[in-house]
Every structure is written in structure tokens, then in C-alpha cells.
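Residue-level structural notes
Here is how the chains run, residue by residue.
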Amino acid sequence: MDGDRRYPGPQVCREHRGHSRRCTGAVLMISKVGVIGAGSMGTAIAQSISRRAGEVIVFGRRQAVVDSINRDNCNSRYFPGLRLNPNIRARLMGDRLDVVDCAAVVIAVPSSEVRSIVSAAHEDLAGKFLVTVAKGLEYPSLKTMSEIIRDETGNPNMACFSGPTFADEIAYGHIAGATIGAGGDPSLRATISDLFGEFILDFSDDIRAVELCGVLKNVYAIGTGMWDSVYSNHNEHYTFLNMCYKEMCTFLRAISLDEGIFTKFCCFGDFNLTANVDKSRNRTLGLMVGKKIVKTPYLESGVTFEGSRSVKGIIELAENHDIDMPIARFVYDVLSGNNNVRESVDGLIRKAP
Ligand SMILES: NC(=O)C1=CN([C@@H]2O[C@H](COP(=O)(O)OP(=O)(O)OC[C@H]3O[C@@H](n4cnc5c(N)ncnc54)[C@H](OP(=O)(O)O)[C@@H]3O)[C@@H](O)[C@H]2O)C=CC1
Ligand SMILES: O=C(CO)COP(=O)(O)O
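What you are looking at is a predicted structure, and each value in this text was computed from that prediction instead of being measured.

**Focus on the nonpolar core**
Core analysis: the largest hydrophobic core is formed by 72 residues, its most contacted members being Phe 251 and Leu 252. Take this core: its biggest share by element is 12 residues, from helix α8 (residues 207-228). The residue makeup of this core includes at least three contributed by each of domain 1 (3-205) and domain 2 (212-351). Setting aside residues no more than four positions away along its own chain, Leu 252 makes contact with Ala 209, Cys 213, Leu 216, Ile 261, Phe 262 and Cys 267.

**Topic: the site of ligand 2**
Lining the immediate environment of ligand 2, one finds Lys 135, Gly 163, Thr 165, Phe 166, Lys 217, Asp 270, Leu 273, Thr 274, Ser 280, Arg 281 and Asn 282. Within the side chain of Lys 135, an N or O atom sits 2.9 Å from an oxygen atom of ligand 2. Within the backbone of Arg 281, one N or O atom sits 2.9 Å away from an oxygen atom of ligand 2. Across the complex, the protein chains shield 92% of the 310 Å² of accessible surface that ligand 2 would expose by itself. Broken down by secondary-structure element, the contributors of at least two residues to the shell around ligand 2 are α10 (265-276) and α11 (281-290).

**Quick word on the pairing of strand β1 (residues 32-36)**
Most of β1 is tucked away: 5 of the 5 residues are buried. Residues Lys 32, Gly 34 and Ile 36 line one face of β1 and the alternating positions Val 33 and Val 35 line the opposite face, and both faces are buried. Relative to strand β2 (residues 55-60), β1 runs parallel, the two sharing 5 bridges. Residue pairing across strands places Val 33 opposite Val 56, the latter belonging to β2. Bridging between β1 and strand β4 (residues 104-107) involves 4 bridges; their strand directions are parallel.

**Some details on the pattern of salt bridges**
A full pass over the atoms with the stated rule returns 21 salt bridges. The residue Asp 270 makes a salt bridge to Lys 135 at a minimum N-O spacing of 2.5 Å. In this pair, Asp 270 is assigned in helix α10 and Lys 135 in the loop between β5 (129-132) and α5 (145-153), connecting sequence segments 135 residues apart. The pair formed by Asp 270 and Lys 135 is uniform in burial state, with each residue classed as buried. One salt bridge in this structure joins Lys 279 and Glu 169, with 2.5 Å as the shortest N-O distance. Here Glu 169 lies in helix α6 (residues 167-171) and Lys 279 lies in the loop between α10 and α11, a separation of 110 residues in the sequence.

**As for the pairing of strand β7 (residues 177-182)**
When you tally the buried positions in β7, you get 6 out of 6 residues, the bulk of the element. Alternating positions in β7 separate into two faces, Gly 177, Thr 179 and Gly 181 on one and Ala 178, Ile 180 and Ala 182 on the other, with burial throughout. Relative to β7, strand β6 (residues 158-162) runs antiparallel, the two sharing 4 bridges. Bridge pairing in β7 places Cys 160 opposite Gly 181. Bridge count between β7 and strand β8 (residues 200-204): 5 bridges; the pairing is parallel. Residue pairing for β8: Thr 179 is matched across the bridge by Asp 202.

Conventions and cut-offs
Residues numbered from 1 in each chain as written. Chains lettered and ligands numbered in written order. Predicted model: local features only at pLDDT ≥ 70, side-chain atom pairs only at ≥ 80, totals over all residues. Heavy atoms only, no water. Core = buried A, V, L, I, M, F, W, Y, C linked by side-chain atoms within 4.5 Å. Buried < 20%, exposed > 50% of the residue type's maximum accessible area, 1.4 Å probe, protein only. Helix = DSSP H or I, 4+ residues; strand = E, 2+ residues; numbered from the N terminus. Domains from an automatic or database assignment. Contact = heavy atoms within 4.5 Å. Near = heavy atom within 4 Å. Polar contact = N/O pair within 3.5 Å; in protein donor to acceptor, adjacent residues only side chain to side chain. Areas by Shrake-Rupley, 256 points an atom, 1.4 Å probe, with all protein chains shown as cover. Pairing = 2+ DSSP bridges. Salt bridge = Lys/Arg side-chain N within 4 Å of Asp/Glu carboxyl O.

Following this line, the structure appears as C-alpha cells:
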């Protein structure tokens, strides 16, 4: 679907899409939003938000991408076939970010980059509504992205956005559900709900639990890819999927303040999307490592494999809560070079709860 070629300015929500439960039909008052990261998720979120805000500024680190967006309304590196809305502008990332007129800023870079980028721009981000879409865990601090951002900016107005949300499908305007993790500030939740009004939203006050769902599901996507590289039948796939979800829920029961987290988009929805669909980079990594197509230097591939970066932290976080995570340990073990995947998988079956 091409983006809107003409832009009438802040519009009444797209009721005809019928999926924007949260949208009140009000014309949005948010004039400008910043998006840090001109990759797949940054571009997709910018395209969605651009239909609900006056202008979206995307910050990218490649001049060619910035030029492509500004000259051709297209991110030629990530979505060469997609016409971006004309109210999306791009700027080259520097240490400082010119977000002075932005009411809200979305952080959409890989988790490994969040601290350095936010630290450099901490003065620019103070006083803004900040939303992270990154699904990672910092090591060895074991901090989530919102915790890092709060560390670096001191800004309490933090939210996270997480759910079954493949960027390409968002970019082309398909329906998606997502969880907004945000503290109790009503104006923050209202603003974020408006910004993401094209999505079907659910909410949680426990922002850390929402973020950890996004971290965990990536680990189990890799694990399911590894399992499926050995076992190819439906019964075997869904048996393992259930084992993964059981381990994930054990962890979440220990850390989540939100008793309803298990049925939220950030949890059940994203866990299933990423573990079952080959479009997932994490699942694909598990399949490729399981089939011995790639060995561990894959991290230099430039592809964003968030689960491989966070699995060690998840295991340590679980140990801090006296929780055993045999599947997460299996994933870490295989990613660390133990390439007898079948033996490792069969070991999981013997230990299955
Ligand atoms: N893609 C998806 O479907 C979804 C992704 N997410 C999450 O979004 C986050 C971002 O990932 P995603 O967009 O997918 O990854 P991509 O690899 O598609 O894009 C990453 C972007 O970050 C940029 N980048 C990397 N390092 C730096 C840096 N040091 N300074 C500035 N920019 C940098 C890259 O620049 P360059 O192009 O120059 O390499 C690229 O534009 C991840 O945590 C991911 O889990 C969440 C939901 C869905
Ligand atoms: O988080 C995602 C979908 O919700 C994207 O998953 P991958 O990073 O595995 O591609």
C-alpha cells in the first residue's frame, strides 16, 4: 500500500480501519515527534505515527538514508518499495539531537546502542515523552531499555511499546496489537495512546515486565528455531513451544507486578509471532545455527539479533530469583559453540517438567 501522497495535516483518526480502539476520533495535538533510528522499526513506526502527528523527524546515521527519505520519500536501505508520507523528514544523527520541537521521541535502535545514543543526547531528551521499542537487556547491568534511558536522562516520562509487530507489516499499514508499558502519569499514557492509535493497544503499569516479555520471546524464538532444526513434526514443534511458554511464565510470575501480563500482546502475542514465523530474525538465527549454516561470528553480520545478546542476562536475572531456565541455558549453550544441537535438544526432553 502506498503511503498517503498528500497530507492534510493532523487528521481525525482512521476510524474506517476499525482497529483503532483507543482512538477517540480527536484531532491530535502532537505537532512533531522524533524517531531515533532509521532502520526497519524506526521507519515503520515513523510511517504509522506520521498519519497522526503533524511531522515526524527520523534520525539516521547514514547520509544516503537521510537523503533518500528527504529527496524521494523512501528509505531505500530498508523499505525500497514503500512511499513514506511526506511529513516524514530525516536528519543525520549527531551526538546532539535537534528534538527541541518534538513532544515525544521514540527510541528505535538496537538495544546495544541505546545507552551510548541516549547518553550523548540526554540534555535534548530531558522533559520529552520517551518511548522505547527496543527489545533487549543490557549486560552485565541486567537493565532494560527504559531503565537505561532513565539512568541517562533522569526523565521519568518513559513508556515502552512491545507486541507482535513485524516492522514491514506495520510499514505497509497492516493491523497489529501492542502493549504500552507506562507508569501512572495519565497525560503520558494518553499521549502515547494517541501516537500509537493505529494499533490495537493494551496497557500495563509494569513497564519492566513488558520489556522483559520482549527480551524473553526473542530467546525462545532462537530456541524454537534450534528445536525445529532437529524436529520437524507439528506435535514436536508445539510441545516445545509449550515448554518455552511455561518457562517464560515461570520467570514472569516471579518478576511481574502485572498479574494480567500473560495474555497481553507483549507476551502471548509476540512470543507466538516470533517463535512460529520464519520472518523473525531470532527464529531464523536458531534455525541457521541449529542446521550449522552459521557459526557464532554471525554477530558481525550487521543483522539485529537481539535474543543472542540478551540470553546470558536473562539466565543471570533468573538465577537472581532462584529460577532455573533450562531452555534459555540450552540456547546460550548452543550459541556459545556447543554444536551438538540434537544431543542438547534431547537433554531438554529428558529434563522436561
Ligand atoms: N524489525 C522489527 O520487526 C522489530 C524490531 N523491534 C526492535 O527494534 C529495535 C531496532 O531494531 P530494528 O529496527 O529491527 O533493527 P534494524 O537492523 O532494522 O535497524 C537498526 C537501525 O539502527 C541503526 N543503528 C545501529 N547502530 C547505530 C548507532 N550506533 N547509531 C545510530 N544508529 C544506529 C542502524 O543503522 P544502519 O542502517 O546504518 O545500520 C539501523 O538504521 C530492536 O531492539 C528490535 O528488537 C521491535 C519490534 C519489531
Ligand atoms: O520483535 C519482533 C516482532 O515483534 C521482531 O522479531 P525479530 O527481531 O526476531 O525479527
